[in-house]
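Each chain is listed here by its residues.
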Amino acid sequence: MIHPPRFWQNPDAKWLPFLLSPIAAVVSAWADNRQAKKGWKAPVPVLCCGNITTGGTGKTTVVLDLVKRLQNRKIAVHALIRGYGGKVKVTTRVDPARHTISDVGDESLLLATHCPTWVGGDRVASARAAISAGAQCLIMDDGFQNPGLHKDVSLLSVDGIVGLGNGHVLPAGPLRERAQKALARASAVLLIGPDRTGFLARYKWELAACGPVLRAALQPDRADIAALKERPCVAFAGLGRPSKFFEGLSEAGVILSQSLAFPDHYFYKARDLERLITLAEQDGAQLVTTPKDAVRLPVFFRSRVQVVGVGLKWDDEMEPERLLDRLFSSGTTR
């Protein structure tokens, strides 16, 4: 499994960030220049769920939560996503009955089970296609650094466990751009989980210049969890930080005999499936994984696995609703 460099998560690391700072300066300047470009303003509201760091911060979980809220408002929402890991590069509407993860990626297939979803590197082309297909609102899974499409509201997700790492831009750290610049463009910041790195204190001045800071926690689906409390489980996940899933299961009372972490967007191979079956049989355990991982499993294997959905529990349930009110209000500036 490929891990990011350890010094990315160590604010006290000095030498490697210093040695890599000239390259990081170039990356920062490139990111700043990109944001100077004016994006196309769609005739419908555009909500972007993005992040500042490489790796997963729970963006897709946030998108699914907001999609459900928009649908509860009877709004035809379509999702736009690049389709990481898929070979389809041109604007395409995802069809779960026809497309595979090798075509459009795992996150695209997962989103498409909840709302019309479009993949493609050209966000403007995807937006135009979605609007032609009847979209009344567009929600972007990632794309905060992509200037092509104007965002009416941008919500930045931050994983409370890892924060913004050492605070340096690639390759000196995990940031895609300078935190000050990114936070200044954000309509709101969502901190997911406990603030174990002191993110709120460390970036208090930058956060004062952006929108509100919202708080939420990842929470396994209660109905899915209820079916797992009678026997031990072997959990596996290929996420940006699989430990989030394993910790959530344990905190919900699931007994984990083993936990296997795979790289993000991992394509499970026959030998992986054989190993998982063997471990489950040895422990008399139930195999457990995430919805994102489930779409990457062959159909014959999915019947062996209990899928546990993960949602958001907001500290203030009205905060996301106020964010959506802002999206549809006149005079939105971000």
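Residues numbered from 1 in each chain as written. Predicted model: local features only at pLDDT ≥ 70, side-chain atom pairs only at ≥ 80, totals over all residues. Heavy atoms only, no water.

**Q** Quick one: what's the story with a nonpolar patch on the surface, residue by residue and with numbers?
**A** Together, Trp 15, Leu 16, Phe 18 and Leu 19 make up a nonpolar patch on the protein surface, roughly 520 Å² of accessible area in all. Topologically, Phe 18 is positioned in helix α1 (residues 15–35). For Phe 18, a relative accessible area of 54% corresponds to the exposed category. (Patch = residues over 30% accessible without salt bridge, like charges linked within 9 Å, V, L, I, M, F, W, Y side chains within 5 Å. Areas by Shrake-Rupley, 256 points an atom, 1.4 Å probe, with all protein chains shown as cover. Salt bridge = Lys/Arg side-chain N within 4 Å of Asp/Glu carboxyl O. Helix = DSSP H or I, 4+ residues; strand = E, 2+ residues; numbered from the N terminus. Buried < 20%, exposed > 50% of the residue type's maximum accessible area, 1.4 Å probe, protein only.)

**Q** Any details on the sheet that holds strand β2 (residues 77–81)? Residues and values, ideally.
**A** Either a parallel or an antiparallel arrangement is found when strands of a sheet pair, and the pairing is made through backbone hydrogen bonds. Within the open sheet, the nine strands sit side by side as β3-β4-β2-β5-β1-β6-β7-β8-β13. Their pairing is mixed. Each edge of the sheet is formed by a strand with only one pairing partner; in this case those strands are β3 (92–93) and β13 (310–314). In this sheet, β13 lies alongside strand β8 (residues 213–220) in antiparallel orientation, the contact comprising five bridges. Each residue of the ladder has a partner; that of Pro 220, found in β13, is Val 310. Packed on one face of the sheet, helix α5 (residues 123–132) meets β2, β4 (117–119) and β5 (137–141) and runs near 160° to β2. (Pairing = 2+ DSSP bridges. Contact = heavy atoms within 4.5 Å. Axes fitted to C-alpha atoms, helices over the stretch in contact; angles between N-to-C directions.)

**Q** Can you break down the nonpolar core residue by residue, with the values?
**A** Membership of the largest hydrophobic core comes to 35 residues, with the highest contact counts inside it found for Leu 47, Val 62, Leu 66, Ile 139, Leu 155, Leu 190 and Leu 312. With five residues, helix α2 (residues 59–72) is the largest single contributor of residues to this core. Not counting residues within four places of it along the chain, the set of residues in contact with Leu 47 comprises Leu 66, Leu 138, Ile 139, Met 140, Val 153, Leu 324 and Leu 327. Of all hydrophobic cores here, the second largest spans 32 residues; its members include Ala 42, Ala 130, Ala 182 and Cys 210. (Core = buried A, V, L, I, M, F, W, Y, C linked by side-chain atoms within 4.5 Å.)

**Q** Give me the lowdown on the packing of aromatic side chains, citing residues and values where you can.
**A** In total, this model carries eight aromatic pairs according to the counting rule given. Note on Tyr 266 and Tyr 268: the rings are 5.3 Å apart at their centroids and 85° apart in plane angle, and the pair reads as edge-to-face. Since its relative accessible area comes to 15%, Tyr 266 is described here as buried. Ring-pair connections join several aromatic residues into one group, and the members of that group are Phe 236, Phe 262, Tyr 266 and Tyr 268. Taking NZ or CZ as reference, Arg 128 lies 4.2 Å from the ring centre of Trp 40, over its face. (Phe/Tyr/Trp six-rings, centres within 6.5 Å; stacked < 30°, edge-to-face > 60°. Lys NZ or Arg CZ within 6 Å of the ring centre and 35° of its normal.)

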